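Analysis of the macromolecular model
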Amino acid sequence: MKEYENYPLLPHNTFGIDARARRFLEFPDSGELQAYLGNKPMAGEKHLVIGGGSNLLFLRDYDGTLLHSAIRGIETEAEDERRVFLKVGSGEIWDELVAYCVGKGWGGIENLSLIPGEVGAAAVQNIGAYGTEVCDCITRVDAVSLADGSPRTFNREECAYSYRDSIFKQAERGKYFVTYVHLVLEKGGAPRLDYRGLSGLLPHGAASTLAEVRDAVIALRREKLPDPEEWGNAGSFFMNPIVPDELYLSLKQQYPGLPSYKAGAAHTKIPAAWLIEQCGWKGRALGNAAVWERQPLVLINRGHASASEITELAGRIVADVQAKFGITLYPEVNYIS
Ligand code: EPU
């Protein structure tokens, strides 16, 4: 394992916030992690497990211990004519896994191409895009308790997945370090075309190959979303709100153009991007923070923004959306203090 003091976090957060961590620990395998935590449990000490830092906003220097996975490897555990079962190290780069699977002709995660971050965090956050969520392909998640170093496997039901959510963000928040993610993929799987904007971009429609789907998703993301290498950002800053149908129906009368998606029996999901645009924030800046001009759900660092400039902008947006629509937006990004 590697241990660092006063560790610079600039390479560990895509928002480009220049913060430091008091201590940073990196583990190359599950055995070392279990041994370390068995001797030095994290209970009682301020700590946080981070992935690629693509969904974090460090509000200040982190006065505690950050833990990071350097557990690599993509292993085929089993396969039959139709499916392949993979065990993937939590420190693998998510998009490298997608590229590998697409290259092999294994379908299921190609719509999640180019999402920044690592495999462990993908399973914690239940990343999603273009009609696919990673939980669709997860069979189980291996983790190690930060309290005593004991290993535990969470099957898919125990992970309690829902929109951008899992047990690791709820009841078990801050209690586990994810070591491996197990996935099932389909050999020669067909494209998933639920997302309207995707099918039109595919050269052969539903008959397109996985590689063509991956290329189309990459093109779509590059067109709509800022490249973190150029503009610091953490993807969607807010979650799309899910509101009771009553509220949706009354807003729809007032705003006939209101877009929506059904979300269960009595709820509707409304695109936060639309709400933010209606409040006039699309493309606007506040100091060194700004709302991305092509997708207002994304806030960007225009260069040397402080975390407080970004939270100030986010707060103004939340207040305006609340005042105009009576809907509260919640950050998708994790504020770390
Ligand atoms: N819209 C506007 N103005 C805009 C852009 C969008 O009004 O400038 C409205 C449109 O009605 C559009 C709708 O918002 O139809 C949805 O936009 P989009 O398809 O771009 O997706 P999103 O709901 O804004 C979600 C995810 C993205 C994911 C896309 C595509 C969340 C929080 N975000 O965004 O995920 O890439 O769908 O599936 O669910 C991320 O999590 O970091 C992320 C980028």
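Above this note sits the structure.
Residues numbered from 1 in each chain as written. Predicted model: local features only at pLDDT ≥ 70, side-chain atom pairs only at ≥ 80, totals over all residues. Heavy atoms only, no water.

Thoughts on helix H5 (residues 210–224)
Test applied: A run of H or I in DSSP counts as a helix once it spans at least four residues, and a run of E counts as a strand once it spans at least two, with each numbered from the N terminus. To estimate how far a helix should extend, the number of its residues minus one is multiplied by 1.5 Å. Only protein chains enter the area calculation, which uses a 1.4 Å probe; residues under 20% of their type maximum are buried, those over 50% are exposed, and those in between are partly exposed.
Over its 15 residues, H5 runs 21 Å from end to end, which matches the ideal 21 Å to within 8%, given 1.5 Å per residue. Buried within H5 are the following residues: Leu 210, Val 213, Arg 214, Ala 216, Val 217, Ile 218, Leu 220 and Arg 221.

Re the site of the ligand
So the rule is basically this: Throughout, the term near means that a residue has one or more heavy atoms lying within 4 Å of the molecule or strand in question. By the criterion applied in these results, polar contacts are pairs of N or O atoms within 3.5 Å in which, for protein atoms, one can donate a hydrogen and the other can accept it, and in which residues neighboring in sequence qualify only through two side-chain atoms. Computed by Shrake-Rupley with a 1.4 Å probe, the accessible areas treat only the displayed protein chains as cover when residues are assessed. Under the convention adopted here, Pro, Cys and the residues Ala, Val, Leu, Ile, Met, Phe, Trp and Tyr are nonpolar, Asp, Glu, Lys and Arg are charged, and Gly plus all remaining residues are polar.
Around the ligand there are 26 residues in total, and Tyr 130, Arg 164, Tyr 195, Glu 277 and Lys 282 lie nearest to it. A distance of 2.6 Å separates an oxygen atom of the ligand from a polar atom in the side chain of Arg 164. Protein coverage of the free-state accessible area of the ligand, which is 820 Å², stands at 81%. Considering each element in turn, the shell around the ligand owes the most residues, three residues, to helix H7 (residues 272–278). A per-class count over the shell around the ligand returns 14 nonpolar, five polar and seven charged.

A few points about the nonpolar core
Looking at soluble globular proteins, one finds that nonpolar side chains tend to be buried together. For clarity, the cut-off: Put simply, buried Ala, Val, Leu, Ile, Met, Phe, Trp, Tyr and Cys residues joined by side-chain atoms within 4.5 Å make one nonpolar core. Should any heavy atoms of two residues lie within 4.5 Å, those residues are counted as being in contact.
If you look at the biggest cluster of nonpolar residues, it comprises 46 residues, and the most contacted ones within it are Ile 276 and Ile 317. Taken together, the elements giving at least two residues each to this core come down to strand E2 (20–27), strand E4 (56–58), strand E5 (62–69), helix H6 (245–254), H7, strand E19 (289–291) and helix H8 (307–325). With sequence-adjacent residues up to four places away left out, Ile 317 is seen in contact with Phe 238, Ile 276, Trp 281, Val 291, Leu 299 and Leu 329. If you look at the next biggest cluster of nonpolar residues, it comprises 41 residues, including Trp 106, Ile 127, Cys 135 and Ala 143.

Quick look at unusual backbone geometry
Positive phi, normally seen in glycine, also occurs at Asn 6, with a value near 50°. Position of Asn 6 relative to the elements: it lies in strand E1 (residues 2–8). Residues other than glycine seldom take positive phi values, yet Leu 114 does so here, at roughly 70°. Tracing the chain through its elements places Leu 114 in the loop between strand E8 (106–107) and helix H3 (119–125). Among the residues examined, Leu 114 registers a relative accessible area of 25% and is labelled partly exposed.

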